[in-house]
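Residue-level listing of the chains:
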Amino acid sequence: MAERIGFFVPCLIDHFEPDVAIHAIEVLKFAGFVVVVPKNQTCCGQPWFNVGLPKLALPYIERFVDRFGGLELDAVVVPSGSCASFLAKHAPETAKRKPGLYKKIKELSAKIREFSDLAYGKLKDVPLAMPRPTRVFYHNSCHMSRELGVLEPPLALIDQTGGVKREEIPLPLPCCGFGGAFSTLLPFLSYRIGERKLEEIAKTGAEVVISADSGCLMHLSSIAKKRPSNVRFVHLASFLYEALPKP
Amino acid sequence: MRTRFSLLDTPSPNLQLEANLDNAIAHYFQKRALTLAEIPEYQDLVQRARKIRLDTLNGLPSHLKRFRGVLEGAGVRVIEAKSAEEARRAVFDIAKRHDVKRAVKSKSMLSEEVCLNEFLEESGIEVVETDLGELIVQLAKEKPSHILTPCIHKSQREIAELFSRVFQRDVPDEESAIAELARVFLREKFFSADMGITGVNFGVAETGTLAFVENEGNLRYCALLPRVHVALMGIERIAPDMESLGTLLTVLTLAGTGQRAGAYTTLLSPPEFGRKAPEQDRFFYLILVDNGRSGLLSDPKRRETLACIRCGACLNACVVYRHIGGHAYQAPYMGPIGAILMPGIHPKGTERLGFFSTLCGACREICPVGIDIPGQLLAVREQFFHHAARSPAKGVRYLAFLLASHIGRHPRVVSLARRLVRPMLAIPYIEHVLGWGKARDLPVPASRSFQERFWGDHTDAA
Ligand code: SF4
């Protein structure tokens, strides 16, 4: 029996990079999942939680429960590390502020899987290949690696892709400086941190920056536009979509 | 207090500062990696240290009582200071009583917290910092920018220039020349000082032992040469017994400097001190400073912040600190620990420090007592908005987030907003109005969202 998974669409992907969601679904279908996309989804609520207004995140958690509850899903896949970490690690604690909500979200939280983590299980033996040789840099999302503990799967998926050389930064400044609310409250500082990260990446000679976090990607690419640079910013889902074996 | 605060956010980065911090911090990480490679059980030590700290805080009143009991039983004068003001007064009174003209001081962040130097200097008592980093900062008439490496914002060349100016001679850009000059300058101060002021790393409840860690030997001089020694200690810096002290000292230096132990570890135990030495008048005072700590202690959600052992590692790990340095925080404690401690002990004007973080979690990862610093930062942010109605700056932010949350709740409203925003981005200079766009090209939203494409434009309330 194929696993039934619910697809959560992070708001930045929904409204800014809709192709990423389409690519992610195609990759998951290829991997053998039955993908269910509930209608009328919204943001997960993380921005309000992170800014210190957890009560304002409650309606979002409620909607998530309303959309994904009762669908008999084996997992809920989230193609953005930071949203996945909020839904998996922080939503239940936050939901305690509203009677009855905790129990419902707890059950769903346990089913949250970050996209690359879920995909890796099924794709690890698939011959992936890029159409032409590419040097890439993988930008690790802090929330994804530190809170969810998902660090290896995206690297492994990239490394198994034929025609791809993965570059690294020797002593990395790990965070890209996005930080959600941080980037709106301290825009210049956030910009500067991202700019220096891009300088480090440029030194590696990578042409493509891959990440599995839509926030980091949007932040870095908006900074790159201000600088002379040919680097492309690609979500891991789109990268994998490009690398899938062609029928 | 000088903890007034304005958001530091400037379009022109300080490149020299960035380079100085990069150098020092890269050096720190190299040394740390080398040492930790030899200690496979480091994470176990951290877990042990964490448990010791949290257990101690949970029973702090009884540990403190025991600690005081042992000390006072041995004749040591212990003074309790509820506030910064009381702490300053206490030191001043002691200085007056013993007719002190000059004090030598070892590094103590607590003394910065209570603004001791300014107060004593204004009262006509000369205070000389004897830790090399602190001395540099004092001579430059600045404040420490790091809790362990006070002059981390300066390059060696800048320090040599400063010394050349202050000592009116040509000081080469060499570590040995700088250190030698400081040594000669300080020697005279040590021998002529009437009072030594030190901090305390830990006080051991079981034995009344005070533990001090240092690398330069100046603390020993401060504690032992002058006839009066005053030690300032935060009430939370208790280790229940000698065994737990051992664990805490080990993780402190491993995390702080990547050393297995400080160059000098000094343990002072009663009754050696506190007694009047027969041949001359020697006095010791311990000042236990609360200054807002009880408030943090009584809040179960915030108590964890007091577990900090002031190793400074979280500053080195913090991507924000590494770009702006310590002075930007305009507070005695800076970096991640400053951002969670200051709003706890001195909320006025410091709550915004909670936003000086991307919540990347590097601080929690490196903390030798495993403090959930991002979690504490979130609590500070909640605290910031708690009295939003009382301040226009807070109120405006709150309303913006409230409005956004109402828009975001309804898929149709979000789609409408997106359609409205798209053409607006073509308006010249619009990015200057929107915070995010001040510094970058605003990303353009898609003409149709994923959900609209997937389901067709008419998403009904299925
Ligand atoms: S919070 Fe942790 S890492 Fe930061 S100074 Fe304190 S003990 Fe060190």
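The model shown is predicted, which means the values in this text are computed figures rather than measured ones.

J.: Got a minute to help me understand the overall build of chain A in this structure?
T.: Within chain A, the regular secondary structure consists of 13 helices and 8 strands. The globule rule puts the C-alpha radius of gyration for 247 residues at 18 Å, and the 18 Å found for chain A is close to it. The principal-axis extent of the C-alpha atoms belonging to chain A is close to 55 × 45 × 30 Å. Looking at chain A residue by residue over its 247 residues, the buried ones come to 61%. When contacts within chain A are restricted to residue pairs at least 6 apart in sequence, long-range pairs at least 24 apart make up 78% of them. As displayed, chain A offers around 9,500 Å² of accessible surface, 53% of which is attributable to carbon and sulfur atoms. Between the centroid of the 31 positive side chains of chain A and the centroid of its 25 negative side chains there is a distance of 4 Å.

J.: Which parts of the structure should I look at to understand the pattern of salt bridges?
T.: As a working rule, side chains carrying opposite charge can pair if their charged atoms are close by. Applying the stated criterion to the full structure yields 46 salt bridges over all chains. A salt bridge links A:Arg196 to B:Glu18; the shortest N-O distance between them is 3.6 Å. Of the two residues, A:Arg196 sits in helix α11 (residues 187–204) while B:Glu18 sits in helix α1 (residues 15–37), which places them in two different chains. Of the residues examined, B:Glu18 reaches a relative accessible area of 3% and is grouped as buried. One connected set of salt bridges, linked through shared partners, spans A:Arg192, A:Glu195, A:Arg196, B:Glu18 and B:Asp22.

J.: Would you mind going over the packing of aromatic side chains with me for this structure?
T.: We describe a pair of aromatic rings using the distance from one ring centre to the other and the angle between the two ring planes. Residues and elements named next belong to chain B. Evaluation of the coordinates by the stated rule reveals 20 aromatic pairs over all chains. With a centroid separation of 5.2 Å and 75 degrees between ring planes, the pair formed by Phe 454 and Trp 455 is classed as edge-to-face. On the accessibility criterion, Trp 455 (34% relative accessible area) is partly exposed. One aromatic cluster is present, formed by Phe 355, Phe 384, Phe 385, Tyr 398 and Phe 401 through successive ring pairs. Cation over ring: Arg 77 sits above Tyr 285, and NZ or CZ is 5.0 Å from the ring centre.

J.: Before we go on, may I ask you to explain the domain arrangement of chain A in this structure?
T.: How big an interface is tends to be stated in terms of the accessible area lost upon association of its parts. All names here are of chain A. Each assigned domain of chain A is listed with its residue range as follows: domain 1 (4–119) and domain 2 (126–243). Each of domain 1 and domain 2 has a C-alpha centre, and these two points are 22 Å apart. Contact residues are listed per partner, giving 26 residues for domain 1 and 22 residues for domain 2. Interface area, domain 1 with domain 2, both sides summed: about 1,900 Å², of which 72% is carbon and sulfur. Summed over the three residues of domain 1 that lose the most area to domain 2, namely Leu 12, His 23 and Ser 116, the buried surface amounts to 24% of that side. At the surface where domain 1 touches domain 2, the tally comes to 0 salt bridges. For the side of domain 1 that touches domain 2, the elements supplying multiple residues, two or more each, are α1 (11–16), α2 (18–30), α3 (46–51), α5 (81–95) and α7 (115–123). Considering every element that reaches the side of domain 1 that touches domain 2, the biggest residue donor is α5, with 7 residues.

J.: Just checking my understanding: could you explain the sheet that holds strand β10 (residues 283–289) of chain B for this structure?
T.: Sheet strands associate in pairs through backbone hydrogen bonding, adopting either a parallel or an antiparallel arrangement. Residue and element names in this part refer to chain B. With respect to topology, 6 strands assemble into an open sheet ordered β1-β10-β7-β4-β2-β3, the strand pairing being parallel. Both outer strands of the open sheet, β1 (77–81) and β3 (126–129), are each paired with one neighbouring strand and no more. Strand-to-strand, the axes of this sheet are offset by a mean angle of 20 degrees, without reference to chain direction. Sheet topology note: the strand β7 (residues 228–234)/β10 ladder contains 7 bridges and is parallel. Bridging from a neighbouring strand, Leu 232 pairs with Ile 287 of β10. Strands β1, β7 and β10 of the sheet are contacted by helix α3 (residues 60–73), whose axis makes an angle of about 170 degrees with β10.

J.: It is not clear to me how α1(B) should be interpreted in this structure. Could you clarify?
T.: Residues that lie three or four places apart on an α-helix share one face, since the helix turns once every 3.6 residues. Here α1(B) spans 33 Å end to end across 23 residues, near enough to the 33 Å set by a 1.5 Å rise per residue. A distance of 3.4 Å separates the backbone nitrogen of B:Gln16 from a side-chain oxygen at the start of α1(B), and that oxygen is part of B:Asn14.

J.: Got a minute to help me understand the interface of chain A and chain B in this structure?
T.: If you look at the interface, chain A gives 58 residues, while chain B gives 64 residues. Counting the surface lost from both chain A and chain B, the interface buries some 5,900 Å², and carbon and sulfur atoms represent 62% of this. Summed over the shared surface of chain A and chain B, the result is 7 salt bridges. A salt bridge links B:Glu382 to A:Arg97, with the shortest nitrogen-to-oxygen separation between them at 3.4 Å. At the boundary of chain A and chain B, one finds 20 residue pairs in polar contact (both at pLDDT 80 or more). Counting only elements with at least two residues in the side of chain A that touches chain B, the list comes to α1, α2, α3, α4 (58–68), α8 (142–147), α10 (181–185), α11 and α12 (214–224) of chain A. In terms of residue count, α11(A) provides more of the side of chain A that touches chain B than any other element does, 8 residues in total.

J.: Sorry, what's going on with the site of the ligand here?
T.: Around the ligand sit B:Ile147, B:Cys308, B:Ile309, B:Arg310, B:Cys311, B:Gly312, B:Cys314, B:Ile337, B:Cys367, B:Pro368, B:Ile371 and B:Ile373, and those are all the residues in its vicinity. Of the residues that constitute the shell around the ligand, the class distribution is 10 nonpolar, 1 polar and 1 charged.

J.: It is not clear to me how the packing of α5(A) against helix α6 (residues 101–109) of chain A should be interpreted in this structure. Could you clarify?
T.: For any two helices packed against each other, the geometry comes down to the angle between their axes and how far apart the axes lie. Residues and elements named next belong to chain A. At a closest axis distance of 8 Å, the pairing of α5 and α6 adopts a crossing angle of 170 degrees. Judged by the angle between their axes, α5 and α6 are roughly antiparallel. The segment α5 lies against α6, with Leu 87, Ala 88, Ala 91, Pro 92 and Ala 95 engaging Leu 101, Tyr 102, Ile 105, Lys 106 and Ser 109. Looking at the contact of α5 with α6 residue by residue, the classes come out as 8 nonpolar, 1 polar and 1 charged.

J.: For this particular structure, what's the right way to read unusual backbone geometry?
T.: The backbone of A:Glu72 sits at a positive phi, close to 50 degrees, despite the residue not being glycine. Note that A:Glu72 resides in the loop between α4 and β3 (75–78). Taking the relative accessible area as the measure of exposure, A:Glu72 reaches 70% and is therefore exposed. With phi around 55 degrees, B:Arg310 is a residue other than glycine that occupies positive phi space. One can find B:Arg310 in the loop between α12 (293–297) and α13 (313–317). When its relative accessible area of 9% is taken as the criterion, B:Arg310 is described as buried.

J.: Hey, could you run me through the side chain of B:His98 in this one?
T.: All names here are of chain B. Within the secondary structure layout, His 98 lies in the loop between α4 (84–97) and β2 (102–105). By relative accessible area, His 98 is classed as buried at 11%. Beyond its immediate chain neighbours, meaning those up to four positions away, His 98 contacts Arg 227, Val 228, Phe 283 and Tyr 285.

J.: Help me out: how do you make sense of a nonpolar patch on the surface in this one?
T.: Residues and elements named next belong to chain B. Side chains of Phe 191, Tyr 221 and Leu 225 sit close together on the surface and give an oily, nonpolar patch of about 280 Å² of accessible area. When you line up the elements, Leu 225 lands in the loop between α10 (218–224) and β7. Leu 225 sits in the partly exposed class, given a relative accessible area of 33%.

J.: Would you mind showing me how to read the sheet that holds strand β2 (residues 34–36) of chain A here?
T.: Residues and elements named next belong to chain A. Read from one edge of the open sheet, 4 strands run β2-β1-β3-β4, paired in parallel fashion. Every interior strand has two partners, whereas the edge strands, β2 and β4 (112–114), have only one. Taking the axes of each pair of neighbouring strands and ignoring which way they run, one obtains an average angle of 35 degrees across the sheet. Pairing of strand β1 (residues 4–7) with β3, which is carried by 3 bridges, proceeds in the parallel orientation. Counted as the bridge partner of Phe 7 is Val 77 from β3.

Quick notes on the rules
Residues numbered from 1 in each chain as written. Chains lettered and ligands numbered in written order. Predicted model: local features only at pLDDT ≥ 70, side-chain atom pairs only at ≥ 80, totals over all residues. Heavy atoms only, no water. Helix = DSSP H or I, 4+ residues; strand = E, 2+ residues; numbered from the N terminus. Rg over C-alpha atoms; globule rule 2.2 N^0.38 Å. Buried < 20%, exposed > 50% of the residue type's maximum accessible area, 1.4 Å probe, protein only. Contact = heavy atoms within 4.5 Å. Areas by Shrake-Rupley, 256 points an atom, 1.4 Å probe, with all protein chains shown as cover. Lys, Arg positive; Asp, Glu negative; His and termini not counted. Charge placed at Lys NZ, Arg CZ, Asp CG, Glu CD. Salt bridge = Lys/Arg side-chain N within 4 Å of Asp/Glu carboxyl O. Phe/Tyr/Trp six-rings, centres within 6.5 Å; stacked < 30°, edge-to-face > 60°. Lys NZ or Arg CZ within 6 Å of the ring centre and 35° of its normal. Domains from an automatic or database assignment. Buried area = accessible area lost by both parts, 1.4 Å probe. Pairing = 2+ DSSP bridges. Axes fitted to C-alpha atoms, helices over the stretch in contact; angles between N-to-C directions. Expected span 1.5 Å × (residues − 1). Polar contact = N/O pair within 3.5 Å; in protein donor to acceptor, adjacent residues only side chain to side chain. Near = heavy atom within 4 Å. Nonpolar A, V, L, I, M, F, W, Y, C, P; charged D, E, K, R; others polar. Parallel < 35°, antiparallel > 145°, perpendicular 65-115°, else oblique. Patch = residues over 30% accessible without salt bridge, like charges linked within 9 Å, V, L, I, M, F, W, Y side chains within 5 Å.

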